[in-house]
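Structural overview
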Amino acid sequence: MEPPIEGREQESLKAALDPFERQLCDNLVAKGRLRESDLSKAERLIAESEGSFLGLMIRLGLVSERDVAEAMAGLLDLPLLGNKDYPEVPPGGIELPMR
């Protein structure tokens, strides 16, 4: 027996996320930073939107940029750098464009 149309639609949306996005979302849900119902809402809306799935969730206010950055750093086993981790002035010999 096939799942109802709504269930099939949900499964196809989950399959549309790349494996890293799926793992990241699962991590955010497990840490309590994203509710399962909000994730489902974003999965339904991504079909109608342009841009990235994570960007959509941030724009909708479902998850913060900081939470996404922390989850990415944890999954990739990389340190999360902050402002204090960067020097006040660029190292000598490097020219940066003025913008």
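Below is a short write-up of the structure.

Before going further, it helps to examine the overall build of the protein. Assigned secondary structure in the protein consists of five helices and zero strands. Along the chain direction, N to C, the helices and strands of the protein fall in the order α-α-α-α-α. Sorting the 99 residues of the protein into buried and exposed places 27% on the buried side. Considering only contacts within the protein whose residues lie at least 6 apart along the sequence, 47% involve residues at least 24 apart. Counting only carbon and sulfur atoms, one obtains 54% of the accessible surface of the protein, whose full area is about 7,600 Å².

Moving on: the nonpolar core. The nonpolar side chains of a soluble globular protein tend to be buried, and buried together. One finds L24, L28, L34, L39, F53, M57 and V68 to be the most contacted residues of the largest nonpolar core, which totals 16 residues. Top element by residues in this core is helix α4 (residues 53-59). It accounts for four residues.

Let us now look at the pattern of salt bridges. Counted under the stated rule, the structure contains five salt bridges. The closest approach of N and O atoms between E43 and R22, which form a salt bridge, is 2.3 Å. With E43 in helix α3 (residues 36-45) and R22 in helix α2 (residues 19-30), the pair connects residues that are 21 residues apart, well separated along the chain. Overall, the relative accessible area of 1% leaves E43 in the buried class. As a salt-bridge pair, R35 and D38 come within 3.2 Å of each other at their nearest N and O atoms. Connected through salt bridges with shared partners, the residues R22, D26 and E43 form a single ionic network.

Reading guide: rules and limits
Residues numbered from 1 in each chain as written. Predicted model: local features only at pLDDT ≥ 70, side-chain atom pairs only at ≥ 80, totals over all residues. Heavy atoms only, no water. Helix = DSSP H or I, 4+ residues; strand = E, 2+ residues; numbered from the N terminus. Buried < 20%, exposed > 50% of the residue type's maximum accessible area, 1.4 Å probe, protein only. Contact = heavy atoms within 4.5 Å. Areas by Shrake-Rupley, 256 points an atom, 1.4 Å probe, with all protein chains shown as cover. Core = buried A, V, L, I, M, F, W, Y, C linked by side-chain atoms within 4.5 Å. Salt bridge = Lys/Arg side-chain N within 4 Å of Asp/Glu carboxyl O.

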